[in-house]
Amino acid sequence: MAARKVSASVPPPTRIRTETHLGLVRRARRMNRTLMVAFPEVHCELDFSTPLELSVATILSAQCTDVRVNQVTPALFARYRSALDYAQADRTELEEMIRSTGFYRNKANSIIGLGQALVERFDGEVPGRLADLVTLPGFGRKTANVVLGNAFGVPGITVDTHFGRLVRRWRWTDETDPVKVEHAVGALFERKEWTDLSHRVIFHGRRVCHARKPACGVCILCKDCPSSGTGPMDKLEAAALVKGPETDHLLALAGIGD
């Protein structure tokens, strides 16, 4: 690999002691605009082509990486093409097909129950309303918002582990309950931003702002992040922590290039 050259250091962070609500809104929206530069193209990282496929994939993603789920779902979606197929699935066969995603017995219960509920109550179709989705087996608000935002184009905030961790690290909210986090963060942004905002925050959490050792020295949110310095500030040390297909772009933004 060619040696990288290092330019000027990342600007020191703005330390936030007391902040008005208006100041928080402005900072949060500024951070979102910065994330747009870091991740100009964002999307759901689960592979799907229908609301039903996304529903099943999201159930499988609990305590499992999207990469692993995407390895399992092609064969699964080829075998089960409708809600009725899942409702009538042979449990042993289904469990074997999803075993590698972990907690496969519970997930099989949810998927079969989902198929049955869709057939019995929604004519075999995934509904496009939050109030209906949260009544389905395997669905909570997080899964419902994933499906609404990505399969139906209805804005929603997805509070997964990464999202909750980062918005608390950034002091957008101190809430820990996912529903309270969803409402607190949603109040900072226009509703139309919610789905893509969720993707950007999750992308950043997976690629840069890791739980144990964030890549602070190359994070372009540094100046607005009250937790900057949690991870290494040395640019080369931090650069080694960045993951994902956008790595070169993110490092270039931080002033590191060939």
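So, how was this worked out
- Residue positions are given per chain, counting from 1 as you read along its sequence in written order.
- Only residues with pLDDT of 70 or above have their local features reported here, since the model is predicted, and side-chain atom pairs are shown and tallied only from 80 upward, although totals for entire chains, interfaces and linings are computed over all residues.
- Only hydrogens and water are removed before side-chain values are computed, so all heavy atoms of the structure are retained for them.
- Secondary structure elements follow DSSP: runs of H or I of four or more residues count as helices, runs of E of two or more count as strands, with numbering from the N terminus.
- The reference for a compact globule is 2.2 Å times residues^0.38; the radius of gyration itself is calculated from the C-alpha atoms.
- Each accessible area is a Shrake-Rupley result for a 1.4 Å probe, and residues are judged covered by the shown protein chains and nothing else.
- When charges are tallied, Lys and Arg are placed among the positive residues and Asp and Glu among the negative ones, while His and the ends of the chain are skipped.
- Where a charge lies is defined by one atom per residue type: Lys uses NZ, Arg uses CZ, Asp uses CG and Glu uses CD.
- Confidence scores labelled pLDDT are given residue by residue by the predictor and lie between 0 and 100.
- Pairs of residues are marked as contacts when any of their non-hydrogen atoms sit within 4.5 Å.
- Lines fitted to the C-alpha atoms define the axes, with helices restricted to the stretch that makes contact. Angles between their N-to-C directions range from 0 to 180 degrees.
- For classification purposes, an angle smaller than 35 degrees is called roughly parallel, one larger than 145 roughly antiparallel, one from 65 to 115 roughly perpendicular, and anything else oblique.
- By definition, any crossing whose near helix is turned counterclockwise from its far helix by less than a right angle is left-handed, and any crossing with a clockwise turn is right-handed.
- Throughout, the ten residues Ala, Val, Leu, Ile, Met, Phe, Trp, Tyr, Cys and Pro are labelled nonpolar, Asp, Glu, Lys and Arg are labelled charged, and all others, Gly among them, are labelled polar.
- To estimate the expected span of a helix, subtract one from its residue number and multiply by 1.5 Å.
- With a 1.4 Å probe rolled over the protein chains alone, any residue whose accessible area is under 20% of its type maximum counts as buried; one over 50% counts as exposed, and the rest are partly exposed.

(A) Up close: the overall build of the protein chain. The helix and strand inventory of the protein chain stands at 13 helices and 2 strands. Its C-alpha atoms give the protein chain a radius of gyration of 20 Å, near enough to 18 Å, the size a compact globule of 258 residues would have. The principal-axis extent of the C-alpha atoms belonging to the protein chain is close to 60 × 45 × 25 Å. When the accessible surface of the protein chain is totalled, it reaches about 12800 Å², and 51% of it is carbon and sulfur. Taking the 35 positively charged and 29 negatively charged side chains of the protein chain as two groups, their mean positions are separated by 8 Å.

(B) Fine view of the confidence of the model for the protein chain. When the pLDDT values of the protein chain are averaged, the result is 93; 93% of them are 70 or greater. Predicted confidence for residues 1-12 stays below pLDDT 50, and this span has 29 contacts to residues more than four positions away or in other chains.

(C) Inspection of the packing of helix α2 (residues 51-60) against helix α3 (residues 66-79) at higher detail. It is the contact of α2 with α3, at a shortest axis distance of 10 Å, that shows an interaxial angle of 140°. It follows that α2 is oblique to α3 by the angle criterion. Handedness of the α2/α3 crossing: right-handed. Contacts between α2 and α3 involve Glu53, Val56, Ala57 and Leu60 from the first element and Val69, Thr73, Leu76 and Phe77 from the second.

(D) How the structure looks around the packing of α3 against helix α5 (residues 91-98). One can describe the packing of α3 onto α5 by two numbers: an axis separation of 9 Å at closest approach and a directional angle of 155°. On the basis of their axis angle, the class for α3 and α5 is roughly antiparallel. Of α5, the residues touching α3 (which contributes Val72, Ala75, Leu76 and Arg79) are Glu93, Leu94, Met97 and Ile98. Taken together, the residues of the contact of α3 with α5 sort by class into 6 nonpolar, no polar and 2 charged.

(E) Spatial organisation of helix α11 (residues 194-207). Between its terminal C-alpha atoms α11 stretches 20 Å, which fits the 20 Å expected from 14 residues at 1.5 Å a residue. Restricting attention to buried positions, one finds in α11 the residues Thr195, Leu197, Ser198, His199, Arg200, Val201, Ile202, Phe203, His204, Gly205 and Arg207. Here the buried face of α11 lies against α1 (21-38), α8 (141-151), α9 (161-169), α10 (178-186) and α13 (247-253).

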